[in-house]
Amino acid sequence: MRIFVAICWWCFLGFTNQLAAQSKADTSIAWNVTAQRSSDTSLVITIQAQPKSGLSLFGFSMGSSLSSSLQIDSLSRPLSATDIQIISGKTSVVQLPDDTTKYNVYSDTVVWKLAVVIPANRKGWLTGNINWLGKMGDTFPSNTYSFRVAVPASAADTTTSGGWWQIFLICFLTGLVAVITPCVFPLIPVTVSFFLKKSETKQAGWRNALWYSISIVLIYTIPTLLLTLIFGDSILYRISVSPVSNLLFFLIFLIFAISFFGAFEISLPNSWANKADRKAGKGGLAGIFFMALTLVIVSFSCTGPLVGTLLGQTSSNGVGIAPVIGMFGFGLGLALPFSLLAFFPALLPALPKSGGWLNAVKVCFGFIELALALKFFSNVDLSYHWGILDRDVFLVLWIVIFGLMSLYLLGKIRFSHDSELKYLSVPRFFLALISLSFTIYMVPGLWGAPLNALSGFIPPAVTQDFNLNNLQYQTSPAPASPSAAAAPVKYTDKLKVPFGLTAYFDLEEGMTAAKKLKKPVMLDFTGHTCANCRKMEEQVWKQPEVLERLKKDFVLISLYVDESTPLPAEEQYTDAEGNFISTVGEKNLAYEKAKFGINAQPLYMFLDTNGEPLSDVRYGYDPDVKRFITHLENVKQEFNRRSQQ
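Not measured: the values here are computed from a predicted model. (Residues numbered from 1 in each chain as written. Predicted model: local features only at pLDDT ≥ 70, side-chain atom pairs only at ≥ 80, totals over all residues. Heavy atoms only, no water.)

Trainee: Please clarify how helix α11 (residues 356-384) should be interpreted in this entry.
Mentor: Owing to its 3.6 residues per turn, the α-helix brings residues three or four apart onto one side. Across its 29 residues, α11 extends 43 Å between first and last C-alpha, which sits within 8% of the 42 Å expected from 1.5 Å per residue. With 23 of 29 residues buried, α11 is to be regarded as a mostly interior element. Within two residues after α11, His385 carries a phi angle of roughly 60°, on the positive side. (Helix = DSSP H or I, 4+ residues; strand = E, 2+ residues; numbered from the N terminus. Expected span 1.5 Å × (residues − 1). Buried < 20%, exposed > 50% of the residue type's maximum accessible area, 1.4 Å probe, protein only.)

Right under this line is the structure:
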């Protein structure tokens, strides 16, 4: 620790000395450089210079040796003077002896601005140099000012950051829920009492409990981080959308559910727990770390399904760091009670005693795991187009599962390992009330009710055979006109869009139609396993004012990034990163990443008939209907403007 502090202090002194040296070398002009995004891919840099009294500063001129110059690192092309716009500054003209050229110089504050193109996902710092030239009397002082400005987050990054907080909060709350499982809850008072009684001082007990909690967080976070660093930030995303991995998750969750019902116990090998327990007995910080590892191992049968669910959901967002944030939140939620109770031991007697209620919690988790297993199988069913778990079949199974869970909570169903329920406690009654209400809520969905609260978790409405809700979108086909585009053909036997919309599922086919119809293109990057895609369709697309615009003003191209249909042999290829592209989904995902530099679903991009973006905004999940309408109107106006040129 002392070495680490010394290194940090040495780096800090070096950095401050560098700044001091720079300041000393360039006190002739007071510089101020800032940056602000004007769009997702455009950055406006503002340069303000204030020469000291008596000094005149040459501007950025072309074709002249008496001028200042600007260099910015990491740009796609070198800057020229034409890129730089003078915003304010009083000029004066100087003329040198034996030189007929007149030069503009600035003796007071001057401000320049320039716009540069920068990727939407670019973060960190932008560095550069200003090689300035001045005039003071008969001398021409010059120097170099080096600057560094932070690159502001794009709109897409801001949305992602908000999503990260949401992911953290959900996983943190799930970690707190995991505390009341039968594998974890009985260990809390024992572990906390151990720290308080075995430590020499109260402060040492607090320190040990805090390190124990930190160790739990590290055990859940570090493996996820290592997977991301070793295999790339999309490894967990590829796993989460893979039909094979979803089928494996279905089997694992099914087995866990059966175990929770009491058929058998699932645990990691006892040798793992025994080895960790032996090392924990050595004491010290290392021993406490292995105590935490022992807890993680012995509680696997309860926490494993929760961790698997969270990893699957956070990875499907397409954001590489999201699973790491999720596991950090889960570990923190699970570990927090251990530290809190160590700091406030008076709360220990208030904890409920272990008993039959813990077994009831475990059985309820069994019902939930069974429902989640069907969700994973639904992902496989949608990817391979089996048609086994259509929306109505899925809802029937969920209604039965949560109906039985309600009966169990009310004491109408008992398993062999359940204790006798003499009376119904208040918490159990309210849990039964919630479960039964949820069951009844799903019933209208059998006839096509939207069920907006479940959009994204249940199969899409287009898979339901009998759907009264869709009758309002069924219209007679309009007669063909000479300017009408060909109807979608490719992949229409497998892929569909809701609400009577017409969509193309192949980029080339859709672009051909857009040129024929002379309409802008709405690219819908979506996926079978994308929960937020279904939410956007149910909560935003379905609104009449949105639906009308999508039908009349745009050509919709829905590109599924997880579609498993093989590409024809002549269309298969190897991309620039060396990945072999053999399926429709892989082709669409490669196009999304290459064209827009982002891997996220949903993503809505708008193109003109030449395939050029109509807006730099990477529009993702946002249930704000008015904002979506405004964006549609803006890109439509831009398309009309380009069409008139």
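Additional details are given in the paragraphs that follow.
Trainee: What's the story with the packing of helix α6 (residues 243-260) against α11 in this structure? I'm lost.
Mentor: The geometry of α6 relative to α11 is characterised by a closest axis approach of 8 Å and an angle of 160° between their N-to-C directions. As judged from the angle between their axes, α6 and α11 are roughly antiparallel. Between α6 and α11 lies a crossing of left-handed hand. In terms of residue class, the contact of α6 with α11 is made up of 19 nonpolar, four polar and two charged. (Axes fitted to C-alpha atoms, helices over the stretch in contact; angles between N-to-C directions. Parallel < 35°, antiparallel > 145°, perpendicular 65-115°, else oblique. Left-handed = near helix turned anticlockwise from the far one by under 90°. Nonpolar A, V, L, I, M, F, W, Y, C, P; charged D, E, K, R; others polar.)

Trainee: Which parts of the structure should I look at to understand the pattern of salt bridges?
Mentor: One side chain can pair with another of opposite charge once the charged atoms of both are near each other. All told, the structure shown has 13 salt bridges when counted by the stated rule. The closest approach of N and O atoms between Lys490 and Glu571, which form a salt bridge, is 3.8 Å. Note that Lys490 is positioned in the loop between α13 (426-442) and β11 (503-504) and Glu571 in the loop between β13 (555-560) and β14 (573-574), a separation of 81 residues in sequence. Among the salt bridges present, the one from Glu538 reaches Lys542, with a minimum N-O distance of 4.0 Å. Here Lys542 falls in the buried class, since its relative accessible area comes to 14%. (Salt bridge = Lys/Arg side-chain N within 4 Å of Asp/Glu carboxyl O.)

Trainee: Would you explain unusual backbone geometry in this entry?
Mentor: Of all residues except glycine, most have a negative phi; of all peptide bonds, most are trans. The phi torsion at Leu451 lies on the positive side, around 50°, for a residue other than glycine. As for its placement among the helices and strands, Leu451 is situated in the loop between α13 and β11. In this model, Phe499 sits at a positive phi of 65°, which is unusual for a non-glycine residue.

Trainee: Before we go on, may I ask you to explain helix α15 (residues 531-541) in this structure?
Mentor: Of all eleven residues in α15, ten are buried, a share of seventy percent or more. Where α15 is concerned, the buried positions are Ala531, Asn532, Cys533, Arg534, Lys535, Met536, Glu537, Glu538, Val540 and Trp541. Contacts made by the buried residues of α15 are with β12 (521-526), α16 (544-553), β13, β16 (603-607) and α18 (625-643). (Contact = heavy atoms within 4.5 Å.)

Trainee: Explanation requested: the sheet that holds β11 in the structure shown.
Mentor: Within a beta sheet, neighbouring strands are joined by backbone hydrogen bonds and run either parallel or antiparallel to one another. Reading across from one edge, β11-β13-β12-β16 is the order of the four strands in this open sheet, with mixed pairing throughout. In the strand order of this sheet, the two ends are held by β11 and β16, each with one partner. As paired elements, β11 and β13 share two bridges and run parallel to each other. Note on β13: the bridge partner recorded for Ala503 is Leu556. Contacting β12, β13 and β16, helix α17 (residues 584-596) crosses the sheet at an angle of about 120° to β12. (Pairing = 2+ DSSP bridges.)

Trainee: Please explain the pairing of strand β10 (residues 142-150) as it appears in this structure.
Mentor: On a regular strand, each side chain points to the face opposite its neighbour's, so the side chains alternate between the two faces of the sheet. Examined bridge by bridge, strand β9 (residues 125-135) and β10 share nine bridges and lie antiparallel to one another. Counted as the bridge partner of Leu133 is Ser142 from β10. The hairpin turn running from β9 into β10, its antiparallel successor, is six residues long, and Gly137 in that turn takes a positive phi close to 65°.

Trainee: Would you mind going over the packing of α16 against α18 with me for this structure?
Mentor: Between two packed helices, the angle of one axis relative to the other and the distance separating the axes together describe the packing. Running from amino to carboxyl end, α16 crosses α18 at an angle of 25°, the nearest separation of the two axes being 10 Å. Classified by the angle between their axes, α16 and α18 sit roughly parallel to one another. Crossing of α16 against α18: the hand is left-handed. Taking contact as the criterion, the partners of Glu545, Val546, Arg549, Leu550 and Asp553 in α16 are, on α18, Val625, Phe628, Ile629, Leu632, Glu633 and Lys636. Broken down by class, the residue content of the contact of α16 with α18 amounts to six nonpolar, no polar and five charged.

Trainee: Sorry if this is basic, but what is going on with the pairing of β16 here?
Mentor: In terms of burial, β16 is largely enclosed, as five of its five residues are buried. Side-chain alternation along β16 places Leu603, Met605 and Leu607 on one buried face and Tyr604 and Phe606 on a second face that is also buried. Where β12 and β16 come together, five bridges link them in antiparallel fashion. Bridge pairing in β16 places Phe525 opposite Leu603.

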